[in-house]
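Residue strings, one per chain:
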Amino acid sequence: MNRLSLPLALACGATLSLALVACSAAPGPAAAPSPGSADTTNPADAPGHGAVAGAVEVAEAQLQLVTVSTDGETGLLDLLDGGERTLDRVPAPARVTTDGRYVFADSGSGVAVVDGGAWSWDHGDHFHFYRAEPAHIGIVPGDGPAAITGDALPTTGATGVFFAGSGEAVLLDNAALSTGSLVERFRLTEAPHAGIAAPLGDGALVSHVDERSGATELRVVDASGKPTGETAACESPRSATTTRAGLVVLCDAGAVVAAGADAGAPAADANAEPSTLTLVPLPGGVSASPEALAGRKGRPTLAGVGTGPDGQPGVWQFDARAHAWEWSRSAAELVRAVAVGDDAGHVVALDEQGHARVLRAGEELAHTAPLLDAADLAPE
């Protein structure tokens, strides 16, 4: 079976390529979630801590992979006991991504949403872990490549989808998703472009192209999709990520951090405040920002492959809390990087020859023998 290749999977740490699209908890014999049973209260006050009727709470995080082939064949592998099962087929995807629980298979004419049936609830100083029956929830219609942005928690908040071809920005309700239903909080139509729609508080951050100037900006919209008037310039918006310190959107000039409005807070700040959009530019002398940033879910740091002020390859690490960039040069060309998110500031990266490399504070600390064949990492 030909599987879609994702160079690094982050939900379980530095897992290497397969068609890995979800990794949270192992599937079990639990019954499918019942509609209408999701926890929709504020995370800080939620008595269920992410529980959904029909799900089973487990003592620790379980590990699993959901794989999707190029023709839409979908399967699940339990990494703890090696068990495999086949899930419902989805339309042949061109791209596959995950938020750690849900698998989003983008065919170019819609996004199929598959619930991997495993999730964790970040309660600040500890976690709750759940498993339920995996399920194909449905398809979100739209044209062109879709950019997906998840929220801090899988059973509250929302998930944003932006379709480049149709310019449609969709905000899906996570409480409904957790019960097996696709519910759109709103659907906006912008000019077609490669944009983002990212959950922010009760609303979202949506990219918008000015009809007269052609410039792209980020706009805050409320729960109904109405603009609030808060904006920030952002050419080529991409790689939107919810972190503990706020929502981060990568732009050509740097990164925009949207703080406030409960942005990125897993279980705190019940009283929403207006969001603040801050552009954190890259250091002077840098010609281009990374194409993407990635990090462990909920952590404040992200990292991406880029070129430094000296024109050499390496990684840029971004601290959403400190609003700071840090450069680490690599001894080889890299294809993917992720911030581990510990106090030491480590970044794990994969180079073109299949080596895993560890970088920190401007230097490369170590690298492995090749873990992947270089041919598998070559651009298609």
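Check the entry above for the structure.
Let me sum up the structure you'll find in this document.

Rules and cut-offs
Residues numbered from 1 in each chain as written. Predicted model: local features only at pLDDT ≥ 70, side-chain atom pairs only at ≥ 80, totals over all residues. Heavy atoms only, no water. Helix = DSSP H or I, 4+ residues; strand = E, 2+ residues; numbered from the N terminus. Areas by Shrake-Rupley, 256 points an atom, 1.4 Å probe, with all protein chains shown as cover. Salt bridge = Lys/Arg side-chain N within 4 Å of Asp/Glu carboxyl O. Buried < 20%, exposed > 50% of the residue type's maximum accessible area, 1.4 Å probe, protein only. Pairing = 2+ DSSP bridges. Axes fitted to C-alpha atoms, helices over the stretch in contact; angles between N-to-C directions. Disulfide = S-S within 2.5 Å. Phe/Tyr/Trp six-rings, centres within 6.5 Å; stacked < 30°, edge-to-face > 60°.

## With respect to the overall build of the protein
Turning to step 1, where the next piece is worked out: Each helix and strand counted, the protein has two helices and 31 strands in total.
Turning to step 2, where the next piece is worked out: In the form shown here, the protein has an accessible surface area of approximately 15600 Å², with 50% of it arising from carbon and sulfur atoms.

## Here we look at the pattern of salt bridges
Turning to step 1, where the next piece is worked out: For the coordinates displayed, the defined rule picks out 13 salt bridges.
Turning to step 2, where the next piece is worked out: A salt bridge links E133 to R85, with the nearest nitrogen and oxygen atoms 2.5 Å apart. Remark: R85 occurs in strand β6 (residues 84-87) and E133 occurs in the loop between β11 (127-131) and β12 (135-141); sequence separation between them is 48 residues.
Turning to step 3, where the next piece is worked out: For E133, a relative accessible area of 22% corresponds to the partly exposed category.
Turning to step 4, where the next piece is worked out: Using a relative accessible area of 32% as the deciding quantity, one classes R85 as partly exposed.
Turning to step 5, where the next piece is worked out: The closest approach of N and O atoms between D173 and R185, which form a salt bridge, is 3.0 Å. A residue pair is termed long-range when its members are at least 10 positions apart, and D173 in strand β15 (residues 168-173) and R185 in strand β16 (residues 184-189) qualify at 12 residues.
Turning to step 6, where the next piece is worked out: Several salt bridges share partner residues, and in doing so they unite E168, E184 and R187 into one network.

## Structural notes on the sheet that holds strand β14 (residues 158-163)
Turning to step 1, where the next piece is worked out: Taken in spatial order, the four strands make up an open sheet running β13-β14-β15-β16, and their pairing is antiparallel. Of all the strands in the sheet, the pair left with one neighbour each is β13 (146-149) and β16. The sheet shows a mean angle of 15° between the axes of neighbouring strands, taken without regard to direction.
Turning to step 2, where the next piece is worked out: Two strands pair when backbone bridges link them, and β15 and β16 are joined in this way by five bridges, in the antiparallel orientation. Along β16, the bridge assignment pairs V170 with R187.

## So, the sheet that holds strand β8 (residues 102-106)
Turning to step 1, where the next piece is worked out: An order of β7-β8-β9-β12 is seen for the four strands of this open sheet, with the pairing classed as antiparallel. The sheet is open, and its two borders are formed by β7 (95-98) and β12, each paired with just one other strand. Between one strand axis and the next, the sheet turns through 20° on average, direction left out of account.
Turning to step 2, where the next piece is worked out: Sheet analysis places strand β9 (residues 110-115) next to β12, joined by six bridges and oriented antiparallel. Paired with V114 across the strands is H136, a residue of β12.

## Considering unusual backbone geometry
Only a minority of non-glycine residues have a phi that is not negative, and only a minority of peptide bonds are not trans.
Turning to step 1, where the next piece is worked out: With a phi angle near 55°, S236 is a residue other than glycine that sits in the positive phi range.
Turning to step 2, where the next piece is worked out: In this fold, S236 is placed in the loop between β20 (227-233) and β21 (238-243).
Turning to step 3, where the next piece is worked out: Residue classification places S236 among the partly exposed positions, given a relative accessible area of 36%.
Turning to step 4, where the next piece is worked out: The phi angle at A361 is positive, at roughly 50°, despite the residue not being glycine.
Turning to step 5, where the next piece is worked out: Mapping A361 onto the fold places it in the loop between β30 (356-360) and β31 (363-367).

## Some remarks on the state of the cysteines
Turning to step 1, where the next piece is worked out: Counted by the stated rule, this structure contains one disulfide.
Turning to step 2, where the next piece is worked out: Each sulfur of the disulfide joining C234 and C251 lies 1.9 Å from the other. For the disulfide bridge between C234 and C251, the dihedral angle about the S-S bond is near -100°, and by the sign convention the bridge is left-handed. In this pair, C234 is assigned in the loop between β20 and β21 and C251 in strand β22 (residues 246-251), connecting sequence segments 17 residues apart.
Turning to step 3, where the next piece is worked out: Under the relative-accessibility criterion, C234 is labelled buried at 2%.
Turning to step 4, where the next piece is worked out: Looking at C251, the relative accessible area reads 1%, which means it is buried.

## Comments concerning the environment of V257
Turning to step 1, where the next piece is worked out: Topologically, V257 is positioned in strand β23 (residues 254-259).
Turning to step 2, where the next piece is worked out: When its relative accessible area of 0% is taken as the criterion, V257 is described as buried.
Turning to step 3, where the next piece is worked out: Taking the C-alpha atoms as reference points, V257 and V280, separated by 23 residues in sequence, lie 7.5 Å from one another.

## Side note on the packing of aromatic side chains
Turning to step 1, where the next piece is worked out: As enumerated under the stated definition, the model contains six aromatic pairs in all.
Turning to step 2, where the next piece is worked out: Here Y102 and F104 contribute two aromatic rings whose centre-to-centre distance is 6.5 Å and whose plane-to-plane angle is 55°, an arrangement assigned as tilted. Considered together, Y102 and F104 belong to a single accessibility category, that of buried residues.
Turning to step 3, where the next piece is worked out: Ring geometry for F127 against F129: centres 6.2 Å apart, planes inclined by 15°, an arrangement best described as stacked.
Turning to step 4, where the next piece is worked out: Of the aromatic side chains, those joined through ring pairs into one cluster are W316, F318, W325 and W327.

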